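Commentary on secondary and tertiary structure
The lines below spell out each chain.
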Amino acid sequence: MPIKYKKASKLNDSQIALLKVKRTKWLFFGFCFYLLSQAYTIPILPVGISWAMWPCLSDLAIASIVFSFLFCYRYTLPSSSANRDIFILLIIILIGGILSYVHYLKFLLDWDSNGVRFGIFQIYRLVEFILLFWITAKIPLTSKRIEIMGRIVDIVLAFVCLGIFLTYARIIPLSTVTAHLPKVGAWMFYEAYGRSGAGKGLGFVGYNHAYTAAQVILLLSLRMHLALLKRENTFVNHIFILLTIIACFLSESRSGLAAILIYAIVYWSNNPKYLLKLLYTAVWIITIISTIGLQTFLLTSDENSVFERQKTLLEAGNADNLSGRDQIWMQRVSFINEQPWRWVFGSGFGAATDSGDNAHMLPLHIILETGVLGLFVFIVLFSNILNYLHKKEIGTKPFFWGTVSLLICSVSQETFYPVAALGHFLGFYLSSLAIVLRKEMILL
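Anyway, here's the lowdown on the structure attached to this text.

**So, the packing of aromatic side chains**
What the rule picks out here adds up to 22 aromatic pairs. For the ring pair tryptophan 26 and phenylalanine 29, a centre distance of 5.5 Å and an interplane angle of 85° mean the geometry is edge-to-face. One end of the pair, tryptophan 26, and the other, phenylalanine 29, are both in helix H3 (residues 25–37), three residues apart, so they sit about a helical turn from each other. Using a relative accessible area of 58% as the deciding quantity, one classes tryptophan 26 as exposed. Classification of phenylalanine 29 by relative accessible area gives partly exposed; the value is 45%. One residue, arginine 342, lies across the ring of phenylalanine 335, its end atom 3.9 Å from the ring centre.

Following this line, the structure appears as structure tokens:
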């Protein structure tokens, strides 16, 4: 034993770093699998106590990450101070969610209520996503690993955008995307759209177009961050921004389109010299599409065309364009007012569906389930996230502005909440955040 200790002590810093990288290769492969899984976030098997918990590729990838971590945790890196602070806040949120759920169960009269199942689902997702964040923050990264991740994210982003186009254009019928699943819960929407003959730009992401748009925005933000680290040709970034705008447009998510347009304006304002080239490229793309006649086939094939829906962004003050959200918001506020203590503690973690629909507004939904106390913790969490991103992210801070854009999305959806409609989005965001706020790369 003394001899082994003496030999180990002779290892220099570069040898120790190389050892950490070699011993964590399977952990890194598991994370690469997780990145690849973001291309197809539809459940793969109808197994579980609820349709909302059917496993998808991302669940398998997280399981492989955890399994690999158990065998190589000694060779991982300590988390950065930023990631440690965020991890502590996430644990506080998890504990708060559990206490809120227990309080809900304590006064529950009907044990067949939806909140019983959705509370378990949301706690399960939080545990899964927080664990993913914690492990991701410890993965040793080299310039080679950054390059590999960048290529994977490029492929996944292109594939997701292609899927949106193919399902909107009805080249791939929506019913075939979920043909392997029973028509249960929200997954029947794919079948319903397919039977109606309508095209929807949902792609292979999920049944909610808000998730589809948020997914491409997050992929773009991570892609831009990794491109900065690789010092890649920035013109490629602009091509991906243009592709993402088209994808968000075809997804029919108005909040998603507004968010990506804000993101693009901020990014292009920092890179004006490429704007003319990009506009030139866009003109050529539009010309080619018009020549082969796709503009009619894709954009005006239905009575309510995507143009008709997306142009309502210019009429944001018109209540008719809120798709009934104004009525949902008023109903949710009225429900909270019935018991004033709900403003403080909420109705219970997961209990929103017991009394109606989700709030379709992140701050209101947080208050609905966890009260102003929950909203306060959320504000503290994202204040810290934005502060760390602004201080530590280099260059044009693409992930920082991606986070700001996604927060803007949350004015009409539960973007950063573990609801079933947003699938694995929160987990993907947290793992991406762990990468952005990581320790410095290992130089070999």
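**Some words on the nonpolar core**
Formed by 121 residues in total, the largest nonpolar core has its most connected members in Ile86, Met149, Leu389, Phe416, Tyr429 and Leu433. Once residues within four sequence positions are removed from consideration, tyrosine 429 is found in contact with Leu218, Phe382, Ile385, Leu389, Phe399, Thr403 and Phe416.

**What about the packing of helix H10 (residues 209–230) against helix H12 (residues 254–270)?**
Running from N to C, H10 and H12 cross one another at 20°; their axes reach a closest spacing of 9 Å. If you check the angle between H10 and H12, you find them roughly parallel. Crossing geometry of H10 relative to H12 is assigned as left-handed. Packed against H10, whose contacting residues are Ala213, Ile217, Leu220, Ser221 and Met224, the element H12 presents Gly256, Ala259, Ile260, Tyr263 and Tyr267 at the interface.

**Brief notes about the environment of leucine 218**
Structurally, leucine 218 is set in helix H10. On the basis of relative accessibility, which here comes to 0%, the residue leucine 218 falls in the buried class. The spatial distance from the C-alpha of leucine 218 to the C-alpha of phenylalanine 425 is 8.6 Å, given a sequence separation of 207 residues.

**What to know about the pattern of salt bridges**
This structure, assessed with the given rule, holds six salt bridges. Its salt-bridge partner being glutamate 128, residue arginine 125 comes within 2.7 Å of it at the nearest N-O pair. Here glutamate 128 and arginine 125 lie together in helix H6 (residues 114–136), a separation of three residues that amounts to about one turn. What emerges from the salt-bridge pattern is a single network uniting Asp59, Arg125 and Glu128.

**Overview of a nonpolar patch on the surface**
A surface patch of nonpolar side chains, about 390 Å² in accessible area, is lined by Trp341, Val344, Phe345 and Leu373. Tracing the chain through its elements places valine 344 in helix H17 (residues 342–345).

**Details of the environment of histidine 365**
When you line up the elements, histidine 365 lands in helix H18 (residues 362–392). Counting along the chain gives 32 residues from histidine 365 to valine 333, while the straight-line C-alpha distance between them is 10.0 Å. Setting aside its immediate chain neighbours within four residues, histidine 365 contacts Ala352, Asn358, Ala359, Glu414, Tyr417 and Val419.

**Considering the packing of helix H11 (residues 234–251) against H12**
Across the interface, H11 lies against H12 with an axial gap of 9 Å and an inter-helix angle of 160°. Comparing the axis directions of H11 and H12 gives the class roughly antiparallel. As H11 packs across H12, the resulting crossing turns out to be left-handed. Here Asn237, His238, Ile241, Thr244, Ile245, Cys248 and Phe249 of H11 come into contact with H12, specifically with Gly256, Leu257, Ile260, Leu261, Ala264, Tyr267 and Trp268. For the contact of H11 with H12, a count of residues per class yields 10 nonpolar, four polar and no charged.

Conventions adopted
Residues numbered from 1 in each chain as written. Predicted model: local features only at pLDDT ≥ 70, side-chain atom pairs only at ≥ 80, totals over all residues. Heavy atoms only, no water. Phe/Tyr/Trp six-rings, centres within 6.5 Å; stacked < 30°, edge-to-face > 60°. Helix = DSSP H or I, 4+ residues; strand = E, 2+ residues; numbered from the N terminus. Buried < 20%, exposed > 50% of the residue type's maximum accessible area, 1.4 Å probe, protein only. Lys NZ or Arg CZ within 6 Å of the ring centre and 35° of its normal. Core = buried A, V, L, I, M, F, W, Y, C linked by side-chain atoms within 4.5 Å. Contact = heavy atoms within 4.5 Å. Axes fitted to C-alpha atoms, helices over the stretch in contact; angles between N-to-C directions. Parallel < 35°, antiparallel > 145°, perpendicular 65-115°, else oblique. Left-handed = near helix turned anticlockwise from the far one by under 90°. Salt bridge = Lys/Arg side-chain N within 4 Å of Asp/Glu carboxyl O. Patch = residues over 30% accessible without salt bridge, like charges linked within 9 Å, V, L, I, M, F, W, Y side chains within 5 Å. Areas by Shrake-Rupley, 256 points an atom, 1.4 Å probe, with all protein chains shown as cover. Nonpolar A, V, L, I, M, F, W, Y, C, P; charged D, E, K, R; others polar.

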